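If you want the building blocks of each chain, they are given just below.
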Amino acid sequence: MIKKNFTSGDITQVSYDPASRHFELVWRNKTVIAHKPVPEEVFRRLCNAPNRATYYEDRIAEEYPKTQAQKGSSEDAKNKLDDLFG
């Protein structure tokens, strides 16, 4: 799985699995949205877009079917760290 983290904008992380074409977005408010199947080129273009949230709304949100976030998402990782370190 390929993951890209961002420090600015509404989208903080984008994950993509080329084998399954599974695509996940983590928003600043911790919402996780997943789509499948998404071409790898769409993932690359979103990562390079000047405004990732606008690109998502214009080119991905209505174009590709939503699906469940994959197990072990970033929210699960955060919860595990919180449990470990308090």
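Conventions adopted
- Residues numbered from 1 in each chain as written.
- Predicted model: local features only at pLDDT ≥ 70, side-chain atom pairs only at ≥ 80, totals over all residues.
- Heavy atoms only, no water.
- Salt bridge = Lys/Arg side-chain N within 4 Å of Asp/Glu carboxyl O.
- Helix = DSSP H or I, 4+ residues; strand = E, 2+ residues; numbered from the N terminus.
- Buried < 20%, exposed > 50% of the residue type's maximum accessible area, 1.4 Å probe, protein only.
- Phe/Tyr/Trp six-rings, centres within 6.5 Å; stacked < 30°, edge-to-face > 60°.

Caption draft 1: Broad picture of the pattern of salt bridges. As enumerated under the stated definition, the model contains 2 salt bridges in all. With a closest N to O distance of 3.0 Å, Glu41 and Arg44 form a salt bridge. Of this pair, Glu41 and Arg44 both sit in helix H1 (residues 40-48), separated by 3 residues, roughly a single helical turn. Arg44 gets classed as partly exposed once you look at its relative accessible area, which sits at 41%. Residue Arg45 pairs with Glu41 through a salt bridge whose shortest N-O separation is 3.0 Å.

Caption draft 2: The arrangement of unusual backbone geometry in detail. A cis amide bond, omega -5°, links Lys36 with the succeeding residue Pro37. Along the polypeptide, Pro37 turns up in the loop between strand S4 (32-35) and H1. Residue Arg21 is not a glycine yet carries a positive backbone phi of 60°. Mapped onto the elements of the fold, Arg21 is located in the loop between strand S2 (11-17) and strand S3 (22-27). By relative accessible area, which is 35% here, Arg21 ends up partly exposed. Residue Lys30 is not a glycine yet carries a positive backbone phi of 75°. For Lys30, the location among the structural elements is in the loop between S3 and S4.

Caption draft 3: Fine view of the packing of aromatic side chains. In the structure shown here, the tally under the stated rule is 3 aromatic pairs. Pairing Tyr16 with Phe43 gives two aromatic rings, centres 5.2 Å apart and planes at 15°, and the pair type is stacked. Here Phe43 lies in helix H1 and Tyr16 lies in strand S2, a separation of 27 residues in the sequence. A single burial state applies to Tyr16 and to Phe43, both of which are buried. When the centroid spacing of 5.6 Å and the interplanar angle of 75° are considered together, the rings of Trp27 and Tyr56 count as edge-to-face. One end of the pair, Trp27, is in strand S3; the other, Tyr56, is in helix H2 (residues 52-59), and 29 residues separate them in sequence. Comparing Trp27 with Tyr56, the two get one shared label, buried.

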